[in-house]
Amino acid sequence: MNLILFGPPAAGKGTQAKKLVAERGFVQLSTGDMLREAIASETELGRRVKSILEEGGLVSDAVVIALIGEQLTANKGAAGFIFDGFPRTVPQAEALDELLSARGTEVDCVVRLVVDEEALIERVTKRYEEQGRKDDNPATFSIRLGKYNQDTAPLIPIYAEKGKLHEVDGMAPIEVVSAGIDAALKVVA
Ligand code: AMP
């Protein structure tokens, strides 16, 4: 199963991905987590991308595509993959199709967490106060939301046309969102 969890930053993708990992043994591939790990361990990649993440910009397609390719190889034979925060651009989506087709698989399901932008801003302000993630500060978050609307949202009609898009109300309580994702996975399985 190759599942893309889709939605703007702070829509709850990470929370749902972690539940799927715990309940189904899927492997979560979060490019945001991989980049933050690289920054924390001060690798060369980490040094290159640090300011981009802090400013709310997007890292180059080539960098994140390479990270995903490495992880697909490293986790060969996994029960399923959850793509969290990837793809974020049309070229990334095309590259993902190629990476999966080279492995004899494809994107099975795209679950879009549909959220209200105003409510998201409130959610992130709270997360900023609790966790202090630099890129959650209101000014940077609005840049991230702008990037999502400009570069990532165009993937919605593309996946819809392919018949892969399932929409779930991301504003619902966590358990209700999970049930919506389970229902989408049942349709595909
Ligand atoms: P996230 O945790 O998914 O919100 O990602 C945090 C940050 O990492 C983003 O604001 C981007 O700077 C960078 N990032 C994560 N995934 C990608 C991606 N697929 N393409 C480009 N940049 C990314």
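Treat the numbers as computed from the prediction; the structure is a model and nothing was measured. (Residues numbered from 1 in each chain as written. Predicted model: local features only at pLDDT ≥ 70, side-chain atom pairs only at ≥ 80, totals over all residues. Heavy atoms only, no water.)

A. Local environment of the site of the ligand. Around the ligand, a shell composed of 15 residues is seen, among which Thr-31, Arg-36, Gly-57, Arg-88 and Gln-92 lie nearest. One of the backbone N or O atoms of Val-59 is found 3.1 Å from a nitrogen atom in the ligand. Gly-85 places a main-chain nitrogen or oxygen 2.9 Å from a nitrogen atom of the ligand. Burial of the ligand by the surrounding chains reaches 96%, relative to a free accessible area of 480 Å². The cavity where the ligand resides is the largest pocket. Ranked by the residues each element gives to the shell around the ligand, the list is headed by helix 2 (residues 31-40), at 4 residues. (Near = heavy atom within 4 Å. Polar contact = N/O pair within 3.5 Å; in protein donor to acceptor, adjacent residues only side chain to side chain. Areas by Shrake-Rupley, 256 points an atom, 1.4 Å probe, with all protein chains shown as cover. 1 Å grid on protein atoms, 1.4 Å probe; cavity = no way out; pocket = protein on both sides within 12 Å on 5 of 7 lines; lining within 4 Å. Sits in = over half its atoms within 2 Å of the grid points. Helix = DSSP H or I, 4+ residues; strand = E, 2+ residues; numbered from the N terminus.)

B. Examining the side chain of Lys-13 more closely. Tracing the backbone through its elements, the reader meets Lys-13 in helix 1 (residues 13-24). The buried charged residue Lys-13 lacks any salt bridge, with Asp-84 as its nearest oppositely charged partner at 4.9 Å. From its side chain, Lys-13 meets the backbone oxygen of Pro-8 in a polar contact 3.0 Å long. Lys-13 has contacts with Leu-5, Phe-6, Gly-7, Pro-8, Asp-84, Gly-85 and Leu-113, leaving out every residue within four places of it along the chain. (Buried < 20%, exposed > 50% of the residue type's maximum accessible area, 1.4 Å probe, protein only. Lys, Arg positive; Asp, Glu negative; His and termini not counted. Salt bridge = Lys/Arg side-chain N within 4 Å of Asp/Glu carboxyl O. Contact = heavy atoms within 4.5 Å.)

C. Molecular detail of the sheet that holds strand 1 (residues 2-6). Here we have 5 strands laid out as an open sheet, ordered 2-3-1-4-5, and parallel in their pairing. The outermost strands of the open sheet, each flanked by one partner alone, are strand 2 (27-30) and strand 5 (165-169). This sheet shows a mean twist of 25° between the axes of neighbouring strands, independent of strand direction. With 4 bridges connecting them, strand 1 and strand 3 (residues 81-84) associate as parallel partners. Counterpart to Ile-4 in the pairing with strand 3 is Phe-83. (Pairing = 2+ DSSP bridges. Axes fitted to C-alpha atoms, helices over the stretch in contact; angles between N-to-C directions.)

D. Structural view of helix 4 (residues 61-74). Look at helix 4: 20 Å from first C-alpha to last across 14 residues, which is about the 20 Å you get at 1.5 Å a residue. Listed in full, the buried residues belonging to helix 4 are Val-63, Val-64, Leu-67, Ile-68, Gly-69 and Leu-72. Where helix 4 is buried, its residues meet strand 2, helix 2, helix 3 (44-55), strand 3 and helix 5 (90-101). (Expected span 1.5 Å × (residues − 1).)

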